[in-house]
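Residue-level listing of the chains:
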Amino acid sequence: MFAMRKHYNRDFKNSSFDYGAEEPEVQSPSSSDKPRILLMGLRRSGKSSIQKVVFHKMSPNETLFLESTNKIYKDDVSSTSFVQFQIWDFPGQVDFFDPTFDSEMIFKGTGALIFVIDAQDDYVEALSRLHLTVSRAFRVNPNINFEVFIHKVDGLSDDHKIETHRDIHQRANDDLADANLEKVHLSFYLTSIYDHSIFEAFSKVVQKLIPQLPTLENLLNIFISHSGIEKAFLFDVVSKIYIATDSSPVDMASYELCCDMIDVVIDVSCIYGSDGSGCAYDKESLATIKLNNTTVLYLKEVTKFLALVCILREESFERKGLIDYNFHCFRKAIHEIFEVGGVSSLLSEKRNSSLKFAALNGSIL
Ligand SMILES: Nc1nc2c(ncn2[C@@H]2O[C@H](COP(=O)(O)OP(=O)(O)OP(=O)(O)O)[C@@H](O)[C@H]2O)c(=O)[nH]1
């Protein structure tokens, strides 16, 4: 069964969504809180491709025709995405010693620095550039999250991937230790624009920048345990970044399934959506997909930018009324978190007064 209630309309060419503005919407972090994410790395390592594929729906093959970036490209994705940040795509060879390179200004307002290393190339030069970049940035702002994307791993065998990951991890940390910078923490991800790994990695990077993450995870845990749901992801629809999930482990296949569901919902709506309102996604957006292995995928709108995608067994879906009731509580809580601009108030009386999930046995908690 495939049920869908909202028409979507997407301009494939520009790949821009219009979410409409039918209700006073949840406020995303204010501009002063906007974290900045920097994409750095050697020339042709894949920085612009990552940004275009994740945030602008460019197909991976099209990135073959991207021209080299010559100056810093600042992309503000906040108008289409829940996650209010700017992505700064740097040209390949940033010269830190150039007097026009203002490291204070650049690194001060940065939340995460993603350093992209082309794993299909010799990475010795990339490692020394990583070291230079990280030590510079750390000196200006020790709070930056340093994220290393070991990129283009689609061309590598599984063994080669593991070995490359180990080698880069070892060498990068040795370089830091030699410079007495053991305090710097680097996180490593194996990525490729040709599969979901780039979305997964970006999700992790973004999650670290969301102060409300523990609260969101808590809410998801309560929601799934009271509704008989196996896994739930809170997705930023436009980028397919999941901004939170429950605390059960994420398996890549489930994540891919949910990403694919978002694509199907959006694409089918683009083709058959004909209400002419130009609304791609709104509060009535909802879809159910029953797979032939007794699994059900259930998608519902949470906010202008966010959708909840759940994976559950067919027999649990028989209690749809309960799921919908709990979803209503969950949605309300999410709106409260972001409307009141913080977690603390939700955790106090407000949450106790308004959050009453129903348990599987029917009692109200
Ligand atoms: N195989 C493979 N190729 C990729 C991947 N990501 C990017 N590329 C290719 O790498 C080449 C360079 O990509 P760009 O995104 O232009 O690289 P860049 O780092 O922005 O380059 P500069 O702007 O010169 O700094 C393009 O031909 C992309 O198609 C990937 O995950 N796998």
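Residues numbered from 1 in each chain as written. Predicted model: local features only at pLDDT ≥ 70, side-chain atom pairs only at ≥ 80, totals over all residues. Heavy atoms only, no water.

We now examine the domain arrangement of the protein chain. Taken as a whole, the protein chain is organised into domain 1 (36-209) and domain 2 (212-272 + 280-346). For domain 1 and domain 2, the distance between their C-alpha centroids amounts to 29 Å. Taken together, the 18 residues of domain 1 in the interface contact 19 residues of domain 2. Where domain 1 abuts domain 2, roughly 1600 Å² becomes buried across the two surfaces, and 67% of that area is made up of carbon and sulfur atoms. Summed over the three residues of domain 1 that lose the most area to domain 2, namely Phe-82, His-196 and Gln-207, the buried surface amounts to 42% of that side. Counting the contacts that link domain 1 with domain 2 gives zero salt bridges. Between the two partners, domain 1 and domain 2, sit four residue pairs in polar contact (both at pLDDT 80 or more). Counting residues per element, the ones that place at least two in the side of domain 1 that touches domain 2 are α1 (47-56) and α5 (197-207). For the side of domain 1 that touches domain 2, the leading source of residues is α5, giving eight residues. (Domains from an automatic or database assignment. Contact = heavy atoms within 4.5 Å. Buried area = accessible area lost by both parts, 1.4 Å probe. Salt bridge = Lys/Arg side-chain N within 4 Å of Asp/Glu carboxyl O. Polar contact = N/O pair within 3.5 Å; in protein donor to acceptor, adjacent residues only side chain to side chain. Helix = DSSP H or I, 4+ residues; strand = E, 2+ residues; numbered from the N terminus.)

What follows concerns the packing of helix α6 (residues 213-227) against helix α9 (residues 320-339). At their nearest, the axes of α6 and α9 sit 9 Å apart, and the two run at 170° to each other. When the axis of α6 is compared with that of α9, the two are roughly antiparallel. Contact residues: α6 offers Thr-215, Leu-216, Leu-219, Leu-220, Phe-223, His-226 and Ser-227, while α9 offers Leu-322, Ile-323, Asn-326, Phe-327, Phe-330, Ala-333, Ile-334, Ile-337 and Phe-338. Residues that form the contact of α6 with α9 fall into these classes: 12 nonpolar, four polar and no charged. (Axes fitted to C-alpha atoms, helices over the stretch in contact; angles between N-to-C directions. Parallel < 35°, antiparallel > 145°, perpendicular 65-115°, else oblique. Nonpolar A, V, L, I, M, F, W, Y, C, P; charged D, E, K, R; others polar.)

Looking at the ligand, there are 20 residues lining it, with Lys-47, Ser-49, Ser-68, Thr-69 and Asp-154 nearest. Between the ligand and the protein, one listed contact pairs an oxygen atom with a backbone N or O atom of Leu-64 at 3.5 Å. At 2.9 Å, a side-chain N or O of His-151 approaches a nitrogen atom of the ligand. Coverage of the ligand by the protein chains reaches 92% of its 660 Å² of free accessible surface. Under a 2 Å grid-point criterion requiring more than half of the atoms, the pocket assigned to the ligand is the largest pocket. No other element matches the three residues that α1 contributes to the shell around the ligand. Of the residues belonging to the shell around the ligand, the class tally is four nonpolar, 11 polar and five charged. (Near = heavy atom within 4 Å. Areas by Shrake-Rupley, 256 points an atom, 1.4 Å probe, with all protein chains shown as cover. 1 Å grid on protein atoms, 1.4 Å probe; cavity = no way out; pocket = protein on both sides within 12 Å on 5 of 7 lines; lining within 4 Å. Sits in = over half its atoms within 2 Å of the grid points.)

This brings us to the sheet that holds strand β9 (residues 186-191). Spatially, the six strands line up as an open sheet ordered β5-β6-β4-β7-β8-β9, and their pairing is mixed. This sheet does not close on itself; its edge strands, each paired only once, are β5 (73-76) and β9. If you compare each strand with its neighbour and ignore which way they point, the axes differ by 20° on average. Where α5 meets the sheet, it contacts β4 (36-41), β6 (86-89), β7 (110-118), β8 (145-151) and β9, and its direction lies at approximately 160° from that of β9. (Pairing = 2+ DSSP bridges.)

This next bit is on the layout of surface pockets. Its boundaries defined by the atoms lining it, the largest pocket holds a volume of some 380 Å³. Forming the walls of the largest pocket are 20 residues, and the residues nearest its centre are Arg-44, Ser-45, Gly-46, Ser-49 and Lys-152. Broken down by element, the lining of the largest pocket gets its largest block of residues, three residues, from α1. Partitioning the lining of the largest pocket into residue classes produces four nonpolar, 10 polar and six charged. (Points joined across faces, edges and corners; volume = space filled by probe spheres on them.)

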